[in-house]
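A closer look at the structure
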Amino acid sequence: MATKHLIQLDDSYIEYYRNLLSNTQAQALYRTLNETLDWQQEHIQIFGKTIASPRLQCFYGDLDVAYRYSGRTFIATPWTDTLAKLKHLISSQTGYPFNGVLCNLYRNGQDAMGWHSDNEPELGQNPVIASFSLGETRNFSLRKTKHTKQCLSLPLEHNSLLLMPEGFQSLYQHAVSRSKKNNDARINLTFRMFYN
Ligand SMILES: O=C(O)CCC(=O)C(=O)O
Ligand SMILES: [Fe+2]
């Protein structure tokens, strides 16, 4: 059974659920997602240069769901059975609907995600994002928007779910920084609602 923890922040909060699935289910799911999702190496433009994104990615969702970021448009691949089931579970656990999921594979401790808010227009005024993690534990860092000082670092464990509520994206930025440890791979799935 999942255990829910409320993490209070200055002017928002996050919900953190541990053990969303049984150990056996989580192990099997990690293997299935690792082996069957269509992991891609994307490239991003930074200061006019094209560089390989420091992780693998793919995007699944309802028909016609599209996501524009880093100057590119990604069209959702139809849900796999496994992802559709997980989406239903996460919707019933959190009480929110989702129509797409952005999947990230951090191959090792060198893979990362820089500071950002998930505030693209197609996510609507007040996005609610549910972020499910499998595999290696990595630290999820938080800071207030327009500040440089980190205010929280939360280890996101295997088989955990983090919910970023309404209002959170405009007040806070988040990141998964590089780790000095020789980390194993980690899969993170961010379930979102798109208004295309
Ligand atoms: O990997 C994570 O925990 C965060 C992923 C994330 O922030 C994103 O996909 O926007
Ligand atoms: Fe994010």
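All figures in this text were calculated on a predicted structure; none of them were measured in a lab.

About the cut-offs
- Think of each chain on its own: its residues are numbered from 1, step by step along the sequence as written.
- A letter from A marks each chain and a number from 1 marks each ligand, given out in the order of writing.
- Since the coordinates come from a predicted model, pLDDT governs what is reported: local features require at least 70, and pairs of side-chain atoms require 80 or more to be given and counted, while whole-chain, interface and lining totals use all residues.
- UniProt positions are given in the numbering used here, feature names are shortened, and annotations may be inferred rather than shown by experiment.
- By definition, any uninterrupted DSSP run of H or I lasting at least four residues is a helix, any uninterrupted run of E lasting at least two residues is a strand, and each is numbered from the N terminus.
- The span you would expect from a helix comes to 1.5 Å times its residue count less one.
- Any pair of residues counts as being in contact when their C-beta atoms, constructed from backbone geometry, are within 7 Å of one another.
- Predictor confidence is given residue by residue as pLDDT, running from a minimum of 0 to a maximum of 100.
- By convention here, the C-beta atom is placed from the backbone, and a residue is near a molecule or strand when that atom is within 6 Å of it.
- Lys, Arg, Asp and Glu make up the charged group, whereas Ala, Val, Leu, Ile, Met, Phe, Trp, Tyr, Cys and Pro make up the nonpolar group; the residues left over, Gly among them, are polar.
- A set of buried residues drawn from Ala, Val, Leu, Ile, Met, Phe, Trp, Tyr and Cys, joined through C-beta atoms within 7 Å, is what defines a nonpolar core.
- Neighbour counting defines burial: a residue surrounded by 20 or more other C-beta atoms within 10 Å of its own C-beta is buried, one with 12 or fewer is exposed, and intermediate counts give partly exposed, using backbone-placed C-beta atoms.
- Domain ranges listed in this record stem from an automatic or a database domain assignment.
- For two strands to pair, DSSP has to find at least two bridges joining them.
- Each axis is a line fitted through C-alpha atoms, taken for helices only over the stretch in contact, and angles between the N-to-C directions span 0 to 180 degrees.

Under the local residue numbering, the UniProt record ascribes the feature "domain: Fe2OG dioxygenase" (unreviewed entry) to residues 97-195. For residues 97-195, the helix share is 4%, the strand share is 49%, and the end-to-end C-alpha distance is 12 Å.

Right, let's talk about helix α2 (residues 81-94) for a bit. In this model, α2 (14 residues) spans 20 Å end to end at C-alpha, consistent with the 20 Å of a helix rising 1.5 Å per residue. Elements that come into contact with the buried residues of α2 comprise β4 (49-61), β8 (100-106), β10 (129-135), β13 (160-164) and β15 (186-192). Downstream of α2 by one or two residues, G95 has phi in the positive range, about 85 degrees.

In the predicted model, the chain carries a mean pLDDT of 95, and the fraction of residues at 70 or more is 100%. Taken over the whole predicted complex, pTM reads 0.96, whereas the ipTM for its chain interfaces reads 0.99.

Moving on, we get to the site of ligand 1. Residues in close proximity to ligand 1 include L102, N104, M113, D118, S131, F140, L156, H174, V176, N188 and T190, which together make up its full environment. Among the secondary structure elements, those contributing two or more residues to the shell around ligand 1 are β8, β14 (172-176) and β15. By residue class, the composition of the shell around ligand 1 is five nonpolar, five polar and one charged.

Let us look at the nonpolar core. Formed by 35 residues in total, the largest nonpolar core has its most connected members in V101, C103 and A130. Counting residues domain by domain, this core receives three or more from each of domain 1 (22-105) and domain 2 (116-127 + 137-156 + 167-185). Beyond its immediate sequence surroundings of up to four residues, A130 is in contact with I90, T94, Y96, F98, L161, L163 and F191.

As a further point, take the pairing of strand β6 (residues 72-75). Bridging between strand β5 (residues 66-69) and β6 involves four bridges; their strand directions are antiparallel. In the sheet register, R68 faces β6, and the bridge partner there is T73. The hairpin turn running from β5 into β6, its antiparallel successor, is two residues long, and S70 in that turn takes a positive phi close to 45 degrees.

What follows concerns the sheet that holds β14. Taken together, four strands build an open sheet; the order of strands is β9-β14-β11-β12 and the sheet is antiparallel. With one partner strand each, in any of the chains shown, β9 (113-116) and β12 (150-156) form the two edges of the open sheet. Averaged over all pairs of adjacent strands, the angle between their axes in this sheet comes to 15 degrees, without regard to strand direction. With six bridges connecting them, strand β11 (residues 138-144) and β12 associate as antiparallel partners. Bridging from a neighbouring strand, S141 pairs with S153 of β12.

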